[in-house]
Amino acid sequence: TCLLFCIMSWNKATNAFTPSGRRRAIDVNTGLHLFFAEAAESNKNNNGHSSLASKTPFVIERIGDNPSQLVFEETAKMCIDVFFNDDPNPNAPWKQVQLSYLRNLQQSDLLNRKTSRRWRNEMFVARQVVPVSKLDSNVALKKPILLDFDGVVNLPHNIHPNEDFVKDQVIGFVEVTEKTFGLPENENSGTELRPVLTNLAVHPSFRKSGVGSSLLQACEDIVAQEWHAHNEVVLEVEDDNPKALAFYQKRGYQVVFEDPASRRYDTNGFFLQKKQCTKICMRKILDQKRGSFNLLQSLRQTVFSKY
């Protein structure tokens with residue numbers, strides 16, 4: 001299983017007033033970009049109408065080039081728990097030692113990949129959007145008010161006009177990296193650079209809200225609109241994860257081959273070890289002219305937080 005974490009910049013904010021008189025956070029450091037995520041398919045109630053009541057409001061953020069160590073810690077914890085903290089005895093002392101080691105390894109791994117410049121890489125996080133009234137006052141004061149709602153997915157329609165919102169915890173992560181990845185097409189395929197999507201994770205408490213789909217879309221759009229040498233995205237899914245396989249197939253990915261010689265970390269025993277597993281390689285051909293995600297428009301809006 002891939003390790004994952006992500007990074008976010010420390011930034012400063014100033015407050016401006018919109019025509020409606022509400023404050024709006026404005027980026028003065030351009031370290032973090034708010035992406036305009038496409039809303040996921042709405043759940044239907046018994047009357048066939050769309051309902052946002054059970055969906056989590058969130059935004060997708062593109063990680064800048066000067067990330068903060070704090071977001072490493074926050075996201076590494078979320079992601080490692082998603083992939084490894086499914087043990088029936090999660091509070092066992094040895095389990096906590098294993099998870100601590102994996103979180104530290106995750107932070108170091110992705111920090112090196114983000115800053116080494118060896119390969120092109122983009123990282124995205126999903127952050128929950130919450131009303132200020134739901135937070136502790138000391139916590140809320142550290143977060144800039146978010147009042148430009150264009151990039152918020154699943155925002156309820158019946159919000160109180162005097163209610164302010166902020167971006168809160170990380171609830172999802174994904175990255176795409178340009179690196180060598182062989183496909184069984186020709187003898188030289190092992191030397192070709194391809195966009196490889198890895199580490200897609202969504203906190204279990206916030207699934208079924210379109211977070212995974214929006215993170216996946218952000219990676220596909222950045223490849224289609226900025227990585228002009230590529231028209232595809234490839235990824236790997238473990239064969240014992242049928243839900244993930246179905247998730248990608250529903251979004252246009254097709255199975256290319258299986259690799260039975262892959263390895264992953266196993267945290268079910270007293271000792272942390274790697275065991276052999278089979279991974280399924282999948283690929284999707286992208287539409288270079290796709291218009292569902294306006295990259296230029298999104299880059300004009302930069303919303304960030306100071307924590």
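Before reading further, recall that the structure is shown in the block above.
Bear in mind that the values here come from a model prediction, so they are computed numbers and not experimental data.

Caption draft 1: Summary view of a nonpolar patch on the surface. A surface patch of nonpolar side chains, about 390 Å² in accessible area, is lined by W94, F270 and F271. Using a relative accessible area of 61% as the deciding quantity, one classes F271 as exposed.

Caption draft 2: A look at the side chain of K55. Turning to its location among the elements, K55 is positioned in the loop between β5 (50-51) and β6 (58-63). Looking at K55, the relative accessible area reads 6%, which means it is buried.

Caption draft 3: Structural view of helix α1 (residues 69-84). Under the 1.5 Å per step criterion, the end-to-end length of α1 is 22 Å for 16 residues, consistent within 8% with the ideal 22 Å. Buried residues of α1: V71, F72, T75, A76, M78, C79, I80, D81 and F84, and no others. Against α2 (93-116), β7 (121-131), β8 (165-180), β9 (193-202) and β11 (254-266) lie the buried residues of α1. Put simply, S68 is the residue that caps the front of α1, since its side-chain oxygen is 3.1 Å from the backbone nitrogen of L70.

Caption draft 4: Quick peek at the pattern of salt bridges. The tally for this structure, following the rule as stated, stands at 17 salt bridges. Salt-bridge contacts for E192 lead to R194; the nearest nitrogen and oxygen are separated by 3.0 Å. When its relative accessible area of 3% is taken as the criterion, R194 is described as buried. Members of the salt-bridge network, linked through shared partners, are E61, E74, R127 and K167.

Caption draft 5: Spatial organisation of the pairing of β11. One ladder, built from ten bridges, connects β11 with strand β12 (residues 273-285); its direction is antiparallel. Its bridge partner lying in β12, Q254 is registered against R283.

Caption draft 6: Main features of the environment of I80. Considering the arrangement of structural elements, one finds I80 in helix α1. You can call I80 buried: its relative accessible area is 0%. Between the C-alpha atom of I80 and that of L99, which follows or precedes it by 19 residues, the distance is 7.0 Å.

Caption draft 7: A look at the nonpolar core. Among the nonpolar cores identified, the biggest contains 32 residues, and F124, L197, L215, Y248 and M282 are the most heavily contacted of them. Mapped by element, the contributors of at least two residues to this core are β6, β7, β8, β9, α4 (211-226), β10 (232-238), α5 (242-250) and β12. A total of eight residues in this core trace back to one element, the largest contributor, which is α4. Residues V130, A140, V152 and V166 belong to the second largest nonpolar core, which totals 13 residues.

Caption draft 8: The arrangement of the packing of aromatic side chains in detail. Under the counting rule described, the total for this entry stands at five aromatic pairs. Between W94 and F270 the ring centres are 5.7 Å apart and the planes differ by 50°, which places this aromatic pair in the tilted class. Within this pair, whereas W94 is found in helix α2, its partner F270 is found in the loop between β11 and β12, the two being separated by 176 residues in sequence. Residue classification places W94 among the partly exposed positions, given a relative accessible area of 38%. Relative to Y253, the ring of Y248 lies with its centre 5.7 Å away and its plane at 75°, an arrangement referred to as edge-to-face. By relative accessible area, Y253 is classed as buried at 2%. Aromatic rings pair up to connect W94, F270 and F271 into one cluster. Above the ring of W119, the side-chain terminus of R118 is found at 4.4 Å from the ring centroid.

Conventions adopted
Residues numbered from 1 in each chain as written. Predicted model: local features only at pLDDT ≥ 70, side-chain atom pairs only at ≥ 80, totals over all residues. Heavy atoms only, no water. Patch = residues over 30% accessible without salt bridge, like charges linked within 9 Å, V, L, I, M, F, W, Y side chains within 5 Å. Areas by Shrake-Rupley, 256 points an atom, 1.4 Å probe, with all protein chains shown as cover. Salt bridge = Lys/Arg side-chain N within 4 Å of Asp/Glu carboxyl O. Buried < 20%, exposed > 50% of the residue type's maximum accessible area, 1.4 Å probe, protein only. Helix = DSSP H or I, 4+ residues; strand = E, 2+ residues; numbered from the N terminus. Expected span 1.5 Å × (residues − 1). Contact = heavy atoms within 4.5 Å. Polar contact = N/O pair within 3.5 Å; in protein donor to acceptor, adjacent residues only side chain to side chain. Pairing = 2+ DSSP bridges. Core = buried A, V, L, I, M, F, W, Y, C linked by side-chain atoms within 4.5 Å. Phe/Tyr/Trp six-rings, centres within 6.5 Å; stacked < 30°, edge-to-face > 60°. Lys NZ or Arg CZ within 6 Å of the ring centre and 35° of its normal.

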